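# Architecture at a glance
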Amino acid sequence: MTGPRMWGLVAEFESPDALLAAAHRVREAGYRRIDACVPFPVEGLTEALGFRPTWLPLLVLTGALLGAAGGFFMQWYAMGVWYPLNVGGRPLNSWPMFIPITFELAVLVGGLTAALGMLALNRLPMPYHPLFNVPRFARATQDRFFLAIDARDARFERGATAELLHGLGAAEVSEVAR
Amino acid sequence: MTDAALVRLERRALAVGTAALIVAAVGAAFSPAAFFRAWLVSWLFCLSIPLGALAIVMLHYLSGGSWGIVIRRVAESTAVTLPLLALFFVPVVLGMHVIYEWAEPGAVAADPVLQYKHAYLNVPFFLARAVLYFVAWIGVAAVLVRWSAERDVVPDLDPRRFRLFAGPGLVVYGLTVTFASIDWAMSIEPRWSSTVYPMMFGVGQVLAGFAFTIAAAVLLRDREPFGRLVNPANLVDLGNLMLTFVLLWAYLAFTQLLLIYAGNIREEVTWYLAREQPGWLGVAFALIGVHFFLPFALLLQRAVKRNPVALATVAGLILVMRLVDDYWLVLPGIRGAERFHWLYVVTPLAVGGLWLAAYARRLRGLALVPANDPLVEQAMAAHGH
């Protein structure tokens, strides 16, 4: 396995603390294209991996504002322009009555944007990933903690990187075929 | 805030309060009506902090969670101001005839509606109810404070007793605040009524309680080991709870508007017609913008909630808007209160200054971290997540 045939390296750890310590050290060593796969949320892991804020909150805000604007416009256009209806002498643009639907649509569109945006930004659904080529990786859903380094990382050097991972107490370091 | 700083705060609050009280008393001699109105609002505002804080303490005994440990002592300590606030009810009694139309025999004689409501809205019954509310509040607060102090020295106190007391305690709080809000604020417009009003009033109190106790905890965070409780994880929880009450307040305030707008009944719309006058409309928009949208947008952000100073600033802003909201609830309903009066600024300083001095005095040397509560360890170890 050389160059383009290789996706990267994955190290297996036996405890969340060992993984956390290793993630810190790997980042300190200058690696940036790293990821972890764990069977349950490990506190402090996102900070250790250096996760940065995503665009998702802005997407959700945009979705919510579009939903609100659309919801209000729908009612205003229907009640005021398209089919003007006099309800008990109230003004055609009875905005207080439009607020509940406006709010509901803001929540609906914002919520859908959050769910779909999260999937899109994570490039999900993803039926295949090179990590699946490592037989032991199935234990990421059970009792093992994995730290993966992408071969495209600027610091990545097959031998040196594997050595670093071994030095951090990895139970096993596997090469990941593409 | 060290004990020396607390003493300084107490002295300053006392000085400002006393000076403002003297100025307000002089103002009262010239325009008693404006003084009594301003006093009622300032008093309701200060009263909302201990009542809201005690409701939060009881809520936390029932719900659990690390967040409550942070503010338990700070919140409990507000109870010490209740007797002072009971004393501050005296000017409200003295000014009843200019605040409450139903307390004026002439007005009652001229209006059949007021005669009809006289069985409830009359001076002796009003005073008896006020005494009852304060007895209930001071009683509940005394039990909470005493048991909490007892737990510090008795290691294996049965924790169930706190829950068994907090449940009925919250029921008592809900009932007394409902009737107190009707007596002291809603009855200013005796021909009008709204079923959402007492709930809105109570939620406003709890919001004030959250805002005040969060700000107090942040100011006191340089005390050890209390400072370890004021960590980002707990602040995020407290910020989220405050946000919940901002939303609940906005929801209830809007619900009342929506129902009255939809109903469009002559007796009901009067409340909003009085608040649609030029000056008050501006206050309404300020409430929508600064009491709802601004804290909403700020409290959605984790960075704001994790930062003690930023969160305390938002809490301070909410507290100021609570006072504005109390003015908006009370003043437009009183005839002749449309114009701005300088006493509206000075009187809150008088009541608030004296109140704060009493509160700061209580905090001096107080152990801010409760002992023998298993939640303390959890709260100190809490990480941002």
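Residues numbered from 1 in each chain as written. Chains lettered and ligands numbered in written order. Predicted model: local features only at pLDDT ≥ 70, side-chain atom pairs only at ≥ 80, totals over all residues. Heavy atoms only, no water.

The next thing to look at is empty space enclosed by the protein. Residue and element names in this part refer to chain B. For the structure on display, the rule yields 4 cavities of 30 Å³ or more. Its volume calculated, the largest cavity comes out at about 70 Å³. Surrounding the largest cavity, Leu51, Leu54, Met58, Ala136, Trp137, Val140, Gly169, Val172 and Tyr173 form its lining. Mapped by element, the contributors of at least two residues to the lining of the largest cavity are helix H2 (32–63), helix H9 (123–153) and helix H10 (160–184). Classifying every residue of the lining of the largest cavity by side-chain character gives 8 nonpolar, 1 polar and no charged. (1 Å grid on protein atoms, 1.4 Å probe; cavity = no way out; pocket = protein on both sides within 12 Å on 5 of 7 lines; lining within 4 Å. Points joined across faces, edges and corners; volume = space filled by probe spheres on them. Helix = DSSP H or I, 4+ residues; strand = E, 2+ residues; numbered from the N terminus. Nonpolar A, V, L, I, M, F, W, Y, C, P; charged D, E, K, R; others polar.)

Note on helix geometry: an α-helix contains 3.6 residues per turn, so any two residues three or four positions apart are oriented the same way. Counted at 1.5 Å a residue, the expected span for helix H13 (residues 232–263) of chain B with its 32 residues is 46 Å, and the 46 Å between its end C-alpha atoms agrees. B:Asn264, located one to two residues past H13(B), shows a positive phi value of around 55°. (Expected span 1.5 Å × (residues − 1).)

Turning next to the packing of aromatic side chains. Within this structure, the stated rule accounts for 41 aromatic pairs over all chains. On the numbers, 6.0 Å between centres and 40° between planes, the contact of A:Phe73 with A:Trp76 is tilted. Within this pair, A:Phe73 and its partner A:Trp76 are both found in helix H3 (residues 56–82), separated by 3 residues, close to a single helical turn. Taking NZ or CZ as reference, B:Arg129 lies 4.3 Å from the ring centre of B:Phe125, over its face. Lying over the aromatic face of B:Trp271, B:Arg275 brings its terminal NZ or CZ to 3.7 Å of the ring centre. (Phe/Tyr/Trp six-rings, centres within 6.5 Å; stacked < 30°, edge-to-face > 60°. Lys NZ or Arg CZ within 6 Å of the ring centre and 35° of its normal.)

Let us now look at the packing of helix H4 (residues 95–121) of chain A against H13(B). Look at H4(A) against H13(B): their axes get within 9 Å of each other, and the N-to-C directions meet at 130°. By the angle between their axes, H4(A) is oblique relative to H13(B). The two elements H4(A) and H13(B) cross, and the hand of that crossing is left-handed. Counting all contacts with H4(A), which are made through A:Pro96, A:Met97, A:Ile99 and A:Pro100, the residues of H13(B) involved are B:Phe254, B:Leu258, B:Tyr261 and B:Ala262. (Axes fitted to C-alpha atoms, helices over the stretch in contact; angles between N-to-C directions. Parallel < 35°, antiparallel > 145°, perpendicular 65-115°, else oblique. Left-handed = near helix turned anticlockwise from the far one by under 90°. Contact = heavy atoms within 4.5 Å.)

What follows is about the nonpolar core. In terms of nonpolar packing, the biggest core is built from 139 residues, with B:Trp43, B:Tyr100, B:Trp137, B:Trp184, B:Phe210 and B:Met242 touching the most fellow members. Of the residues forming this core, the biggest block, 21 residues, is contributed by H2(B). Once residues lying within four places of it in the same chain are set aside, the contact partners of B:Trp184 are B:Leu40, B:Trp43, B:Leu44, B:Leu47, B:Phe89, B:Tyr100, B:Phe126, B:Ala130, B:Tyr133, B:Phe134 and B:Trp137. In this structure, A:Leu19, A:Ala48, A:Phe145 and A:Leu165 belong to the second largest nonpolar core, which totals 25 residues. (Core = buried A, V, L, I, M, F, W, Y, C linked by side-chain atoms within 4.5 Å. Buried < 20%, exposed > 50% of the residue type's maximum accessible area, 1.4 Å probe, protein only.)

Domain parsing of chain A yields domain 1 (3–53 + 128–177) and domain 2 (56–121). Centre-to-centre separation of domain 1 of chain A and domain 2 of chain A, based on C-alpha positions: 45 Å. (Domains from an automatic or database assignment.)

Each partner contributes residues to the interface: chain A has 9 residues there, and chain B has 9 residues. Summed over both sides, the interface between chain A and chain B buries roughly 800 Å², with carbon and sulfur atoms accounting for 65% of that surface. Summed over the shared surface of chain A and chain B, the result is 0 salt bridges. For the interface between chain A and chain B, the tally reads 3 residue pairs in polar contact (both at pLDDT 80 or more). The residue inventory of the side of chain A that touches chain B, partitioned by class, reads 5 nonpolar, 2 polar and 2 charged. (Buried area = accessible area lost by both parts, 1.4 Å probe. Salt bridge = Lys/Arg side-chain N within 4 Å of Asp/Glu carboxyl O. Polar contact = N/O pair within 3.5 Å; in protein donor to acceptor, adjacent residues only side chain to side chain.)

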